[in-house]
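What follows is each chain in one-letter form.
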Amino acid sequence: DAKTTQPTSMDCAEGRAANLPCNHSTISGNEYVYWYRQIHSQGPQYIIHGLKNNETNEMASLIITEDRKSSTLILPHATLRDTAVYYCIVRGRAGNMLTFGGGTRLMVKP
Amino acid sequence: NAGVTQTPKFRILKIGQSMTLQCTQDMNHNYMYWYRQDPGMGLKLIYYSVGAGITDKGEVPNGYNVSRSTTEDFPLRLELAAPSQTSVYFCASSEAGTGPYEQYFGPGTRLTVT
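All values derive from a computational prediction rather than experimental measurement.

**Q** For the state of the cysteines, give the residues involved together with the corresponding values.
**A** For the structure shown, the criterion picks out 2 disulfides over all chains. The disulfide partner of cysteine 22 of chain A is cysteine 88 of chain A, and the S-S distance across this bridge is 2.1 Å. Because the sign of the S-S torsion sets the handedness, a value of about -80° for the bond joining cysteine 22 of chain A and cysteine 88 of chain A places this disulfide among the left-handed ones. Remark: cysteine 88 of chain A occurs in strand E8 (residues 84–92) and cysteine 22 of chain A occurs in strand E2 (residues 18–23); sequence separation between them is 66 residues. Sulfur-sulfur distance for the disulfide between cysteine 23 of chain B and cysteine 91 of chain B comes to 1.8 Å.

Structure, rendered in C-alpha cells:
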C-alpha cells in the first residue's frame, strides 16, 4: 500500500471549513484513499473514501487531484466535536488491512 | 445493532500473567481485526481473520494469539504479559468481498502491564 504524508497538526475556527491535506505520491491505479478520524482515544471512525472522483457524504467532502498524488478532506462547517486526529490511508481494493500513520491532529477552536 | 463490542474496558496485568480480550460484532461481518495503539502513535495490525476458522498475522503478532470459532467472536489472547504490551487494543470488523468496505471499530481495551 502507498505511503501517506500529512501535517502533524492544524487549527480551525469553529464554523469555518477545515481543509486537511494528504500526499500520496506513490499511489497506484487501483488504490483507494480513505479517511478515518479518532476522537479522544475512541475507536477510529470511518469518514469517506474515493478512487478518482471527488466524493461527498453527510460528514465531509474528499477532493482528489487529477494525478491522484494528493487529496484534501474538507469538513465544511467545523464544530468543536470535530476536534480529533484525522488519518489518511491508501490501500488496494482487495486488501482489507489499514495502515495508520501519525495522522493530523485537528483542533477546532471557538 | 450494537456494532463492535469489546470487554473489558480497562485491565491491569502483572508481568507474566495471561488474559483474553473479548471482541464481538453483530453485523455478520466475515472480516475481523485486532489493532494496538501505543501512546501518540497510529494503530498497528496484530492479527486478522477473513472468516470462522481462518486467521493470519498482521504487522505485530508476537506475544499474541487469536482464534475464530464463530462469525461473531474474535478473542485476542496474551499468554505471558510484558510491559511492552501496555497499549490500547481495538477490534474492528468489515464486510467480505472485493469492495472497498469500511472497517467498524470497537471502543477499545486499555491494558497496562506492570
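**Q** Could you give an account of the sheet that holds strand E6 (residues 61–64) of chain A, with specific residues and numbers?
**A** Judged by pairing direction, the sheet is antiparallel, and its 4 strands sit side by side in the order E2-E7-E6-E5 (chain A) without closing on themselves. Sheet topology places E2 and strand E5 (55–56) of chain A at the edges, where each strand pairs with a single neighbour.

**Q** Let's hear about the pairing of strand E5 (residues 43–51) of chain B: which residues, and what values?
**A** Residue and element names in this part refer to chain B. Counting buried residues in E5 gives 7 out of 9 residues, a clear majority hidden from the surface. Examined bridge by bridge, strand E4 (residues 31–37) and E5 share 6 bridges and lie antiparallel to one another. Across the sheet, the residue bridging to tyrosine 33 is tyrosine 48, located in E5. Hairpin connection from E4 to E5: 5 residues lie between these consecutive antiparallel strands, with glycine 40 at a positive phi of about 75°. Where E5 meets strand E6 (residues 54–57), 4 bridges bridge the pair, whose relative direction is antiparallel. Looking at E6, one finds that serine 49 is bridged to threonine 55.

Rules behind the numbers
- By convention here, each chain's residues receive numbers from 1 onward along its written sequence.
- Both sets of labels track the order of writing: A upward for chains, 1 upward for ligands.
- Confidence filtering applies because this is a predicted model: local features only for residues at pLDDT of at least 70, side-chain atom pairs given and counted only at 80 or more, and all residues used for totals across whole chains, interfaces and linings.
- Computation of side-chain values: all heavy atoms of the structure, hydrogens and water removed.
- Any pair of cysteine sulfurs within 2.5 Å is marked as a disulfide.
- Secondary structure counts use DSSP, requiring at least four H or I residues in a row for a helix and at least two E residues in a row for a strand, with both numbered from the N terminus.
- Here, any two strands with at least 2 DSSP bridges between them count as paired.
- Relative accessible area decides the class of each residue, using a 1.4 Å probe on protein chains only: under 20% of the type maximum gives buried, over 50% gives exposed, and in between gives partly exposed.

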